[in-house]
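One letter stands for each residue in the lines below.
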Amino acid sequence: MSVVTTQKHDNILVIVSNNPPVNALGAAVRQGLVDGIDEALSNEEVEAVVIRCDGRTFFAGADITEFGKPMKGPDLGEALDRLEASSKPVVAAIHGTALGGGCEVALACHYRIAVPSAKMGLPEVKLGLIPGAAGTQRLPRVVGAKAALPMIVIGNPISAAKAHAIGLVDKIVGEDSLADDAIAFAREQIGKAPARSSEGTENEDGVKNPSIFDEFRQKNNRKIRGFEAPEAGIQAVKAAGELSYADGVKKERELFRKLMAGTQAAAMQHYFFAERAANKIDGIDPKIDLIPIKTVGILGAGTMGGGIGMNFLSAGIPVTIVELKKEALDRGVGVIRRNYENTAKRGRMTEQQVEDAMSILTPSLSYEDLADCDLVIEAVFENMDVKKEVFTKLDSIVKQGAILASNTSYLNIDEIAAVTKRPEYVLGLHFFSPANVMKLLEIVRGEKTADDVLMTAMKLSKKIGKVAAVSGVCPGFIGNRMLSPRQEQANLMIMEGANYWEIDDVLLEFGFPMGPFQMSDLAGVDIGWHRDPERIETLRDALCAVGRWGQKVSKGFYDYDQARQRTPSDEVKQIIAEFAAKAGKEQRTISKDEIRERLLYPMVNEGAKILEEGMAQRASDIDVVWINGYGWPLYTGGPMFWADTVGLEKIVVGLKKHGLPVAKLLKTKADAGGKFNG
Ligand code: 3H9
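Description of the structure in this document. (Residues numbered from 1 in each chain as written. Predicted model: local features only at pLDDT ≥ 70, side-chain atom pairs only at ≥ 80, totals over all residues. Heavy atoms only, no water.)

**Focus: the layout of surface pockets**
By volume, the second largest pocket is sized at about 480 Å³. Around the second largest pocket, the lining comprises 17 residues; the ones closest to its centre are Lys 146, Pro 150, Phe 216, Lys 219 and Asn 220. When residues of the lining of the second largest pocket are traced back to their parent elements, those giving at least two are helix H5 (145-154) and helix H9 (211-219). A total of six residues in the lining of the second largest pocket trace back to one element, the largest contributor, which is H5. (1 Å grid on protein atoms, 1.4 Å probe; cavity = no way out; pocket = protein on both sides within 12 Å on 5 of 7 lines; lining within 4 Å. Points joined across faces, edges and corners; volume = space filled by probe spheres on them. Helix = DSSP H or I, 4+ residues; strand = E, 2+ residues; numbered from the N terminus.)

Have a look at this one:
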């Protein structure tokens, strides 16, 4: 059966797409839409048309898997022009997510009706693109440039209610009566002149008040820094006000094609599929029976434990949080409430939602209260002996069949699991700080972790809004393991003559939000310091001894002013110089290229070792970890995809030039002219 069918209801022709899973607009669907419109126009009995989708969603966009392949059938732009040109009114009936090309289909229809749960958006920018089927020209003509800008340039979907408020949706209809309501609505439009989006006039706001574009750039500077597509989106929306519709479409196509040919779009499309691939666990049936997780226990109400708990509370899963001292427990619960209230103040939560979340939190001073939890996550002090003690106790208290997880960022999960009588129910859930904000969750698969336990954790990660990747057991897992060689090189280079701020700046220019020395200042230079100012063995000891503990005391590697702006410190430079002299390190100027290569190439090398040892399932999982947990710039596709774009041969040559080791897998792939991804 064709993916697009038509049904005639008296004088209304309903065109129905059924192309699971998300009704992507592949060649067959585009052809089906054109055929449907032709049928409607050639049948005299038909007076109006409805376009809707079966399955879980209205069209979720162009079929991304077709990108880069030769175009088959009508292109989406052509198909939509045919649709809009129809002399008979065409109504889009929207449920699920009308995204990208799907939102453009809706825009090309003369009217749009939606169910309350529907969402609409133009997320192309997240794939390194802008809409390419006239969305940038039709949308501003319907809702105005100001309302179109965030949709096109930031790309987050909006609710049906918001779409209705800005004029993108004409009517909200019953959640369960979309098909019938669409036919009735279409009938009401018979005889009226079709409302064509390309003829809308709302785009004049951008001409009357052109400052909206610069204001938008400034307001969103942090979000769009380094990305090419957002600026192209702004230019396209601007063109929608300044140019005729036909010229605007030409401009959009030009911008779209240029982006599509660039590496950023390739990198971001790689990431789209990487994130989804990371959910799949080799050798485990995705339909395996899961362990129901109705309540979660957290051990430790510190920054980490509290943050972890918030993820579950926000998802409506009751949490019991245990601390040994009342003072620490009260403090932890207070921080959770304050965090929620701050979110509410910023308008991202209602007061009711704050209360709802807090009402399912049970603070406790007793391990015994964790007995009935389905999952217990330990977030106590990072020390093997402490963890072993905690797991022995948990194993004796928590009911059989419950999962015991450690939030360790470094320690051996198998060793921890071995102290329990249920090693198959033990795994690592490595959250990143702040745990309620950071997207990444590293799921650490122990040697004995059972398949259903692992898959339960994976599914749960989605429920709490995390992006998860599975790591094997090795020191530092995927993320921190790759951070080590970068830090090592950074430390070596400042002893060889590179200025520490140059090292930070190289990473900033590459697209990281901060460099290693800024990171150290933010985390606290004194973390793990022995607190003896007389004992100076490392650079860190020396900085701590003179009170340079980091941003919290306004001085660490940098001096900080009240606005937290950093300036390099002469005192630190002096301390580094003394260390270098003591170590007899010859000083030289180190170029930016060398700094970049020595920071990043060893990470790629470590990534290769991680793959070689089977600690990551696939190279793209490593990309997912580094993009979501450590700020690796998304537009480069992550360390392994980036390495592919640099060329593995070049990386091997670079590593050798700097006297650094080359992993076997990297060398083999480089010799064969291969890639990590694909
Ligand atoms: C565009 O439209 C360009 C046009 O302007 C111009 C053209 C000229 N294509 O995410 P899920 C697959 S650009 C192909 O797990 P959910 C996905 O890989 C496009 N495949 O489900 C996965 O496959 P698998 C603009 C797609 O319920 C499966 O569907 N649109 C596409 O969590 C399920 O996906 C977008 O960027 C696609 N477009 O979320 C929207 N979309 O099972 C992209 C999904 O093998 N899509 N797949 O791993 C989404 O944001 C989410 O998929 C959606 C559902 C919210 C729809």
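Read on, since the account is not over.
**Here we look at the packing of helix H25 (residues 592-612) against helix H29 (residues 664-671)**
Contact geometry for H25 and H29: axes closest at 7 Å, N-to-C directions at 100°. For the element pair H25 / H29, the angle class is roughly perpendicular. Residues Asn 605, Ala 608, Leu 611 and Glu 612 of H25 lie in contact with H29, whose contacting residues are Lys 664, Leu 665 and Leu 666. Here the contact of H25 with H29 is composed, by residue class, of four nonpolar, one polar and two charged. (Axes fitted to C-alpha atoms, helices over the stretch in contact; angles between N-to-C directions. Parallel < 35°, antiparallel > 145°, perpendicular 65-115°, else oblique. Contact = heavy atoms within 4.5 Å. Nonpolar A, V, L, I, M, F, W, Y, C, P; charged D, E, K, R; others polar.)

**Re the sheet that holds strand E5 (residues 97-99)**
Spatial ordering of the open sheet is given by E5-E7-E8, a layout of three strands whose pairing is mixed. For this open sheet the edge positions go to E5 and strand E8 (158-159), each flanked by a neighbour on one side alone. Across three bridges, the pairing between E5 and strand E7 (residues 119-121) is parallel. Looking at E7, one finds that Ala 98 is bridged to Met 120. (Pairing = 2+ DSSP bridges.)

**Some details on helix H12 (residues 245-260)**
Counted at 1.5 Å a residue, the expected span for H12 with its 16 residues is 22 Å, and the 22 Å between its end C-alpha atoms agrees. Those residues of H12 that fall on the buried side of the exposure criterion are Tyr 245, Gly 248, Val 249, Glu 252, Leu 255, Phe 256 and Leu 259. Buried residues of H12, seen end-on, are gathered within an arc of 130° and therefore sit on one face of the element. Across H12 from its buried face, at more than 90 degrees, point the exposed residues Ala 246, Lys 250, Glu 254, Arg 257 and Lys 258. For H12, the elements touching its buried residues are helix H2 (76-85), helix H4 (135-143), helix H11 (229-242) and helix H13 (263-277). (Expected span 1.5 Å × (residues − 1). Buried < 20%, exposed > 50% of the residue type's maximum accessible area, 1.4 Å probe, protein only. Arc of directions from axis to C-beta.)

**A few points about the sheet that holds strand E1 (residues 4-9)**
Taken in spatial order, the six strands make up an open sheet running E1-E2-E3-E4-E6-E9, and their pairing is mixed. Since the sheet does not close on itself, it has two edges, and those belong to E1 and strand E9 (171-172), each with one partner. Pairing of strand E3 (residues 48-53) with strand E4 (residues 90-94), which is carried by four bridges, proceeds in the parallel orientation. In the strand pairing of E4, Ile 51 is matched with Ala 92.

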